[in-house]
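# Coordinates in review
Each chain, letter by letter, is given below.
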Amino acid sequence: MILILSEGTDPQSDGYRQLMERLAALPNIRCREHLIKGTERSVTEIYLIGDTKALQLEDMQALPCVEQAIRVSEEYRVLGRHKNDNRPSHFDYHGLRFGQDTLHVFAGLCAVDTPQHVEQMMRVLKDNGQSCTRMGAYKPRTSPYSFQGHGKSCLPWVFELAGKYGIKVIAMEVTHESHVAEIREALETTGKPTGVMLQIGTRNTQNFELLKAVGRQTEYPVLIKRGFGITLDESLNAAEYLASEGNSKVIFALRGMKTNLGDPHRNFVDFAHVPVVKRLTRMPVCVDPSHSVGTRSASPEGIMDLLHVTAQAVIAGANMVLVDFHPDPPKALVDGAQALRLEELPYFLADVTIARNAYLKRAELGKQFLARC
Ligand code: PEP
Ligand code: MN
């Protein structure tokens, strides 16, 4: 069960003290307190864990300071959608809103290589009105002999360039808890010119200690990728690990599943699950066409599969697109075969806009139809 406290509840107040005393007296129940900080309001949520079946919703709602009590199903307690649950399905970070009704494109380098390439990328993003990007500094690679990313050494100049070109949020994968500290330190020494969304890659979706560590910090939102060889339920539970530790600023990314049934694509594209994740949880849903499709192959009319699957996801309501670009794909140190070229960015964005407008029209049509039923 989740108790949402009235806005502005003071932890020093008598009401709050009484509430905590009453909760402490409940048999076989543990309490976990979370402060959810938003730009407009901050609320305290108390998760009751244990034998909550014996509790009556009305009794809990009548406790001092409680605005709403929500009985949660066993699944995805914090991030899931539950009956009569009107908690928001968005969060704000670095001046941007990420929700189940917004759309952001994170076009950028799979792996940071040279300052020149990073600057070229960021310049074209700015010229096209973009304020988000992806920049891989820590790269999990299949072979130990492949380029592993520049790691912390590139962070200061990547962040400074981001500031120079008005980039507000960089999606950046972390593969170890220490990377979060390195990112924090580099942001502090450069004067926080940009924001970072920590990315958990598909190979680490069930790295529970990493999830717990990243979930314990609430400074940076998290983009968690679906595990490429596990069920959707297992991946959603992995996302819940982050939230159960306190960080519910979580975006869930679909990136294709590892199976030969998806050939000739690199992975089997799973973007039909965009509405499924939005229905089961309150998380915004991201899609990664690059790591799903893995090639620049095009259909007979000349549209690349990368653009087709992006459009399919956006027309179904996707909230974020994470996509590989590179100024010189043959020279990319990682995943050049799937990278779009900088001159293709305006085309890519225009195609996304067509799909987004179609989605908005479809949502409106659906609403009108339901209102008549
Ligand atoms: C990436 O986005 O750079 C990446 C490695 O993706 P994934 O974890 O989906 O393979
Ligand atoms: Mn990659």
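Residues numbered from 1 in each chain as written. Chains lettered and ligands numbered in written order. Predicted model: local features only at pLDDT ≥ 70, side-chain atom pairs only at ≥ 80, totals over all residues. Heavy atoms only, no water.

## A look at the coordination of the manganese ion (ligand 2)
What counts here: Sodium, potassium and calcium take a 3.2 Å donor cutoff, other metals 2.8 Å, and in both cases only N, O and S atoms count; water is not among them, so sites may look incomplete. Each helix is a run of H or I in the DSSP string that is no shorter than four residues. Each strand is a run of E no shorter than two, and both are numbered from the N terminus. Partly exposed residues are those whose accessible area sits between 20% and 50% of the maximum for their type, while under 20% is buried and over 50% is exposed, using a 1.4 Å probe and protein chains only.
Protein ligation of the manganese ion (ligand 2) involves Cys-110 (SG), His-291 (NE2) and Asp-335 (OD), the donor distances falling in the range 1.9 to 2.3 Å. Donor residues binding the manganese ion (ligand 2) come from one chain and are separated in sequence as C-x180-H-x43-D. Of this pair, Cys-110 sits in the loop between strand S7 (104-108) and helix H3 (115-127) while Asp-335 sits in the loop between strand S14 (320-326) and strand S15 (340-341), placing them 225 residues apart in sequence. With relative accessibility at 5%, the residue Cys-110 sits in the buried group.

## Examining the site of ligand 1
The cut-off we apply is this: Whether a residue is near a molecule or strand depends on its heavy atoms: if one lies within 4 Å, it is near. A 3.5 Å cut-off defines polar contacts: any pair of N or O atoms within that distance qualifies, except that in protein one atom must be a possible hydrogen donor and the other a possible acceptor, and neighbouring residues in sequence count only when both atoms are side-chain atoms. Computed with a 1.4 Å probe, the accessible areas rest on the Shrake-Rupley method; for each residue, only the protein chains presented here act as cover. The residue classification treats Ala, Val, Leu, Ile, Met, Phe, Trp, Tyr, Cys and Pro as nonpolar and Asp, Glu, Lys and Arg as charged. All others, Gly included, are polar.
Around ligand 1, the surrounding shell consists of Cys-110, Arg-134, Lys-139, Glu-173, Gln-199, Gly-201, Thr-202, Arg-203, Lys-225, Arg-255, Asp-288 and His-291. Here an oxygen atom of ligand 1 sits 2.7 Å away from a polar atom, N or O, in the side chain of Arg-134. Here an oxygen atom of ligand 1 sits 3.0 Å away from a polar atom, N or O, in the side chain of Arg-203. Burial of ligand 1 by the protein chains amounts to 97% of its free accessible area of 290 Å². Taken together, the residues that form the shell around ligand 1 break down as one nonpolar, four polar and seven charged.

## A few points about the sheet that holds strand S3 (residues 42-50)
Defined as follows: Strands are labelled as partners when DSSP assigns at least two bridges between them. Lines fitted to C-alpha atoms define the axes, with helix axes restricted to the stretch in contact, and inter-axis angles between N-to-C directions lie between 0 and 180 degrees. Note on contacts: a residue pair qualifies if any of its non-hydrogen atoms lie within 4.5 Å across the two residues.
Here four strands make up an open sheet; going across it, the order is S2-S3-S1-S4 and the pairing antiparallel. Looking at the sheet topology across the chains shown, the edges are occupied by strand S2 (29-37) and strand S4 (66-70). Sheet twist, expressed as the average angle between the axes of neighbouring strands with direction ignored, equals 20°. Pairing between strand S1 (residues 2-5) and S3: three bridges, direction antiparallel. If you follow Leu-3 over to S3, its bridge partner there is Ile-46. Where helix H1 (residues 14-24) meets the sheet, it contacts S1, S2, S3 and S4, and its direction lies at approximately 15° from that of S3.

## Concerning the pattern of salt bridges
So the rule is basically this: One speaks of a salt bridge when a side-chain nitrogen belonging to Lys or Arg is within 4 Å of a carboxyl oxygen belonging to Asp or Glu.
Enumeration according to the criterion identifies 17 salt bridges in this entry. The residue Arg-341 makes a salt bridge to Glu-343 at a minimum N-O spacing of 3.3 Å. Residue classification places Glu-343 among the exposed positions, given a relative accessible area of 58%. Taken together, the shared-partner salt bridges connect Arg-296, Arg-341, Glu-343 and Glu-344 into one network.

## Concerning the packing of aromatic side chains
The following threshold applies: Note on aromatic contacts: the rings of Phe and Tyr and the six-membered ring of Trp form a pair at centre separations within 6.5 Å, being stacked when their planes are under 30 degrees apart, edge-to-face when over 60 apart, and tilted otherwise. Charges are assigned to positions over rings by a cutoff of 6 Å between ring centre and Lys NZ or Arg CZ, combined with an angular limit of 35 degrees from the ring normal.
In this structure the tally under the stated criterion is four aromatic pairs. Cation over ring: Lys-258 sits above Phe-228, and NZ or CZ is 4.9 Å from the ring centre.

## Side note on the nonpolar core
To keep things clear, this is the line we draw: Side-chain atoms within 4.5 Å are what join buried Ala, Val, Leu, Ile, Met, Phe, Trp, Tyr and Cys residues into a set we call a nonpolar core. Domain delimitation in this document rests on an assignment produced automatically or drawn from a domain database.
Membership of the largest hydrophobic core comes to 94 residues, with the highest contact counts inside it found for Met-135, Phe-159 and Ile-183. Among the elements that take part in this core, helix H7 (residues 232-244) stands out by supplying six residues, more than any other. Summarising the domain contributions, this core has at least three residues from each of domain 1 (2-71) and domain 2 (92-372). Setting aside chain neighbours within four positions, we find Ile-183 in contact with Tyr-138, Leu-155, Phe-159, Met-172, Val-174, Val-196 and Leu-198. Counting residues in each nonpolar core, the second largest holds 15 residues, with Met-1, Leu-5, Leu-23 and Val-66 among its members.

## Some details on the layout of surface pockets
Quick note on the threshold: Cavity and pocket criteria rest on a 1 Å grid covering protein atoms alone: a 1.4 Å probe that fits but cannot get out defines a cavity, protein on both sides within 12 Å along at least 5 of 7 lines defines an open pocket, and an atom within 4 Å of a point defines a lining residue. Grid points are joined across faces, edges and corners, and a volume is the space filled by probe spheres set on the points.
If you add up the space inside the second largest pocket, you get close to 360 Å³. As for the second largest pocket, its lining consists of 17 residues, and the residues nearest its centre are Ile-49, Arg-77, Val-78, Glu-240 and Ser-244. Among the elements of the structure, S2, S3 and H7 are those that each provide at least two residues to the lining of the second largest pocket. Taken together, domain 1 (2-71) and domain 2 (92-372) each give at least three residues to the lining of the second largest pocket, which thus spans both.

## Thoughts on the environment of Thr-194
Here Thr-194 is to be found in the loop between helix H5 (177-189) and strand S10 (195-200). Judged by relative accessible area, which is 2%, Thr-194 ranks as buried. With 152 residues separating them along the chain, Thr-194 and Pro-346 place their C-alpha atoms 23 Å apart. If sequence neighbours within four positions are ignored, Thr-194 has contacts with His-94, Phe-159, Ala-162, Ile-167, Lys-168, Val-169, Ile-170 and Leu-187.

## Looking at the packing of helix H4 (residues 155-164) against H5
When two helices pack together, you describe them by how their axes are tilted relative to each other and by the distance separating the axes. The condition is simple: Each angle is binned into one of four classes, with values under 35 degrees roughly parallel, values over 145 roughly antiparallel, values of 65 to 115 roughly perpendicular, and all other values oblique. By definition, turning the near helix anticlockwise from the far helix through less than a right angle yields a left-handed crossing, and turning it clockwise yields a right-handed one.
Put simply, H4 and H5 touch, their axes get as near as 9 Å, and they point 55° apart. Here H4 lies oblique to H5, going by the angle between them. Like other packed secondary-structure pairs, H4 and H5 cross with a definite hand, here right-handed. Facing H4, whose interface residues are Leu-155, Pro-156 and Phe-159, H5 presents Glu-182, Ile-183, Ala-186 and Leu-187.

## Section: the state of the cysteines
Throughout this description, disulfide means a covalent bond between two cysteine sulfur atoms. Definition in use: For the purposes of this analysis, a disulfide is any pair of cysteine sulfur atoms at a distance within 2.5 Å.
Within this structure, the stated rule accounts for zero disulfides. The thiol of Cys-132 is unpaired, and the distance to the nearest cysteine sulfur, on Cys-286, comes to 11 Å. For Cys-286, a relative accessible area of 0% corresponds to the buried category.

## Brief notes about H7
Formally: For a helix, the expected span equals 1.5 Å multiplied by the residue count minus one.
For H7, with 13 residues, the first-to-last C-alpha span of 18 Å sits near the 18 Å given by 1.5 Å per residue. Taken residue by residue, H7 has Leu-232, Ser-235, Leu-236, Ala-238, Ala-239, Glu-240, Leu-242 and Ala-243 as its buried positions. The inward-facing, buried residues of H7 abut S2, helix H6 (208-216), strand S11 (222-225), strand S12 (250-254) and helix H8 (274-280). Downstream of H7 by one or two residues, Gly-246 has phi in the positive range, about 125°.

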